[in-house]
Amino acid sequence: MAHVVQKYGGSSVASADHIKRVARRVAARHTAGDQVVVVVSAMGDTTDELYALAEQMTSNPHPRELDVLLSTGETITSTLLSMALHELGVDAVSLSGAQAGIRTTAVFGRARISGIHTDRMEAELAQGRVVIVAGFQGVSEDLDVTTFGRGGSDTTAVALAAALKADTCEIYTDVAGIYTADPRICPNARPLRDIGYEEMLELATTGARVMHARAVEVGELYDVAIRVASSFDESAPGTLIHRETTMEQGNKVRGIAHQDHTAKVTVRGVPDRPGIAALLFEPLADAGVSVDTIVQNASVEKLTDMTFTVSPGDLTEALRVVEAVKAELGAAQVVSEPDLGTVSVVGTGMASAPGFAARMFKTLHEASINIDMISTSDIRITCVIASAQVGDAVRALHDAFELDRQD
Ligand code: ADP
Ligand code: ASP
Ligand code: MG
């Protein structure tokens with residue numbers, strides 16, 4: 001008997017019929033003798049719709065209330081799936097994150113899992129039931145409902161697989177695994193057979209929303225192998241995210257990630273003296289603005305420019321904070337640019353081999369795409385470019401690095 005955690009994403013449970021299909025798949029696994037825990041997302045665009053409802057009440061919903069509201073999306077799916085399983089003659093029970101024993105920090109909207117009390121889930125499994133857990137939520141010490149941030153149901157699934165010491169963790173979505181690039185914008189993209197945690201984490205943090213980055217972190221920490229596959233096409237094997245054992249990945253780029261939207265803030269004419277960066281970035285952090293790429297120009301006559309990117313949703317807040325410290329910084333001017341995006345190439349093989357950056361820049365140049373900013377890690381190069389050119393950049397780089405070829 002295998003212990004299995006499965007997760008079905010929003011598009012896989014988008015309608016009553018979709019949920020009935022999922023129920024049939026889960027029932028087949030249960031009947032085959034496996035112990036099954038199912039994590040579900042909210043149906044289709046429910047989470048977006050709940051946000052929109054909150055915005056009709058106020059432009060600034062209280063984070064505690066917003067989390068209770070958003071958590072109901074996954075609760076709905078969990079109860080419906082349980083009913084559909086009952087209808088198939090399978091004993092099942094739905095649990096909210098709190099009922100499943102998922103304890104979190106009290107940071108609404110981006111809570112982190114602090115521990116999982118598995119007793120209730122184990123008792124239900126011992127009774128021969130399928131356990132269905134509402135994804136992307138938990139409960140704080142004070143018993144307030146919290147959520148994990150967009151895409152967070154993946155993290156519920158991987159964390160449950162770790163806590164329950166499951167044999168397999170299966171993430172079912174609307175594409176056949178992790179592709180070399182987003183298949184929606186790059187028709188030549190192909191699914192990877194497998195990928196290491198490190199590469200997957202870089203792809204997830206730079207825009208490949210197919211996996212929640214924190215799910216990959218938890219997977220790496222607890223050595224949970226994660227299979228990502230299609231909930232629609234059962235014949236495709238999907239992709240295994242695991243501790244990679246293949247020696248030497250052939251010095252290759254493994255994947256390309258993109259973000260359609262990012263915004264840039266430039267603080268001009270800042271006196272180049274110690275403490276300036278802290279003076280700028282501490283208040284941004286205090287205001288909960290997460291900063292991506294940061295570039296400080298070489299100073300000319302002891303004056304420098306500081307540029308950083310933020311998600312477009314954080315731009316107004318970032319500008320408010322920067323304007324507030326502008327005088328203290330002694331800065332001349334603050335300018336911003338909203339219509340930018342990013343494209344990133346990722347591969348562990350890049351760490352030891354030269355030439356990848358040059359190839360990336362040349363490819364973008366040949367496609368007449370101007371590079372606004374560049375940032376790198378050992379295994380990633382990211383370029384900030386115009387938002388409108390992101391699709392072209394992904395396709396050109398996919399060709400240049402020959403990612404359509406089997407590895
Ligand atoms: P779910 O609702 O199942 O969690 P998501 O919408 O969060 O699904 O993630 C799946 C989507 O991620 C795909 O439809 C695809 O457009 C997008 N995506 C982005 N990058 C990739 C990639 N490298 N491989 C596969 N899908 C990707
Ligand atoms: N429903 C949540 C979202 O849309 C969480 C998830 O689907 O993973 O972001
Ligand atoms: Mg998702």
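Refer to the structure printed above.
Analysis parameters
- Residues numbered from 1 in each chain as written.
- Chains lettered and ligands numbered in written order.
- Predicted model: local features only at pLDDT ≥ 70, side-chain atom pairs only at ≥ 80, totals over all residues.
- Heavy atoms only, no water.
- Helix = DSSP H or I, 4+ residues; strand = E, 2+ residues; numbered from the N terminus.
- Rg over C-alpha atoms; globule rule 2.2 N^0.38 Å.
- Buried < 20%, exposed > 50% of the residue type's maximum accessible area, 1.4 Å probe, protein only.
- Contact = heavy atoms within 4.5 Å.
- Areas by Shrake-Rupley, 256 points an atom, 1.4 Å probe, with all protein chains shown as cover.
- Lys, Arg positive; Asp, Glu negative; His and termini not counted.
- Charge placed at Lys NZ, Arg CZ, Asp CG, Glu CD.
- Near = heavy atom within 4 Å.
- Polar contact = N/O pair within 3.5 Å; in protein donor to acceptor, adjacent residues only side chain to side chain.
- Nonpolar A, V, L, I, M, F, W, Y, C, P; charged D, E, K, R; others polar.
- Salt bridge = Lys/Arg side-chain N within 4 Å of Asp/Glu carboxyl O.
- Arc of directions from axis to C-beta.
- Pairing = 2+ DSSP bridges.
- Axes fitted to C-alpha atoms, helices over the stretch in contact; angles between N-to-C directions.
- Phe/Tyr/Trp six-rings, centres within 6.5 Å; stacked < 30°, edge-to-face > 60°.

Moving on to the overall build of the protein. Secondary structure summary: the protein contains 11 helices and 18 strands in total. For 407 residues, the compact-globule estimate of 2.2 N^0.38 gives 22 Å, and the C-alpha radius of gyration of the protein, at 23 Å, lies within 12% of that figure. On the principal axes, the C-alpha backbone points of the protein span a range of 75 × 50 × 35 Å. Relative to its 407 residues, the protein shows a buried fraction of 49%. Taking as baseline every contact in the protein between residues at least 6 positions apart, the subset at least 24 positions apart corresponds to 74%. On the protein, roughly 18,600 Å² of surface is accessible, and the fraction owed to carbon and sulfur atoms is 51%. Where the 34 positive side-chain charges of the protein centre and where its 54 negative ones centre are 2 Å apart.

We now examine the site of ligand 2. If you check the shell around ligand 2, you find Ser-41, Ala-42, Thr-47, Glu-74, Phe-136, Arg-150, Gly-151, Gly-152 and Ser-153 and nothing else. Residue Glu-74 places a side-chain N or O atom 3.2 Å away from a nitrogen atom belonging to ligand 2. Between ligand 2 and the protein, one listed contact pairs an oxygen atom with a backbone N or O atom of Gly-152 at 3.3 Å. Contact with the protein chains covers 86% of the free accessible surface of ligand 2, which is 260 Å². Its residues placed into classes, the shell around ligand 2 shows 2 nonpolar, 5 polar and 2 charged.

It is worth spelling out the pattern of salt bridges at this point. Within the structure shown, the criterion is met by 21 salt bridges. Residue Glu-124 pairs with Arg-120 through a salt bridge whose shortest N-O separation is 2.9 Å. One end of the pair is Glu-124 and the other is Arg-120, both in helix H4 (residues 119–126) and 4 residues apart, which spans about a single turn. With relative accessibility at 8%, the residue Glu-124 sits in the buried group. Since its relative accessible area comes to 38%, Arg-120 is described here as partly exposed. Between Asp-392 and Arg-395 there is a salt bridge whose closest N-O contact spans 3.0 Å. Separated by 3 residues within a single helix, Asp-392 and Arg-395 lie in helix H11 (residues 390–400), roughly one turn from each other. Since its relative accessible area comes to 45%, Asp-392 is described here as partly exposed. Taken together, the salt bridges that share partners define one network made up of Asp-91, Arg-120, Glu-124 and Arg-129.

What follows covers H4. Along H4, the positions that sit buried rather than exposed are Met-121, Glu-124 and Leu-125. Projected down its long axis, H4 shows its buried positions confined to an angular sector of 100 degrees, all on one face. Among the exposed residues of H4, those pointing more than 90 degrees away from its buried face are Asp-119 and Ala-126. In this structure, the buried side of H4 is in contact with strand S2 (35–40), strand S3 (92–95), strand S5 (113–116), strand S6 (130–134) and helix H5 (153–163). Within two residues after H4, Gly-128 carries a phi angle of roughly 85 degrees, on the positive side.

What follows concerns the sheet that holds strand S17 (residues 373–377). The strand order across the open sheet formed by 6 strands is S14-S15-S13-S16-S18-S17, and the pairing between neighbours is antiparallel. The sheet is open, and its two borders are formed by strand S14 (291–296) and S17, each paired with just one other strand. Between one strand axis and the next, the sheet turns by 30 degrees as a mean value, whatever way the strands run. Two strands pair when backbone bridges link them, and strand S13 (residues 255–271) and strand S16 (residues 333–346) are joined in this way by 11 bridges, in the antiparallel orientation. Bridging across to S16, His-258 finds its partner in Val-343. Sitting on the sheet, helix H9 (residues 315–329) is in contact with S13, strand S15 (303–310) and S16, with an inclination near 125 degrees to S16. Against the sheet, H11 makes contact with S13, S16 and strand S18 (380–386), and its axis sits at roughly 120 degrees relative to S13, the strand it touches most.

With that settled, consider the packing of aromatic side chains. Applying the stated criterion to the full structure yields 3 aromatic pairs. Their ring planes at 20 degrees and their centres at 5.2 Å tell us that Tyr-8 and Tyr-172 sit as a pair that is stacked. A residue pair is termed long-range when its members are at least 10 positions apart, and Tyr-8 in strand S1 (residues 3–8) and Tyr-172 in strand S9 (residues 168–173) qualify at 164 residues. What makes Tyr-8 buried here is its relative accessible area of 0%. Taken together, a centroid distance of 6.2 Å and an interplanar angle of 20 degrees make the contact between Phe-356 and Phe-401 stacked. With Phe-356 in helix H10 (residues 356–366) and Phe-401 in the segment after H11, the pair connects residues that are 45 residues apart, well separated along the chain. The exposure class of Phe-401 is buried, given its relative accessible area of 6%.

Quick look at the sheet that holds S9 now. The sheet built from 8 strands is open, its strands ordered S3-S6-S2-S1-S9-S11-S12-S10 with mixed pairing. Looking at strand neighbours, the two that pair on one side only are S3 and strand S10 (194–196), the edges of this open sheet. Put simply, the sheet's adjacent strands are angled 20 degrees from each other on average, direction ignored. Pairing of S10 with strand S12 (residues 239–242), which is carried by 3 bridges, proceeds in the parallel orientation. Note that in S12 the partner of Ile-195 across the bridge is Ile-241.

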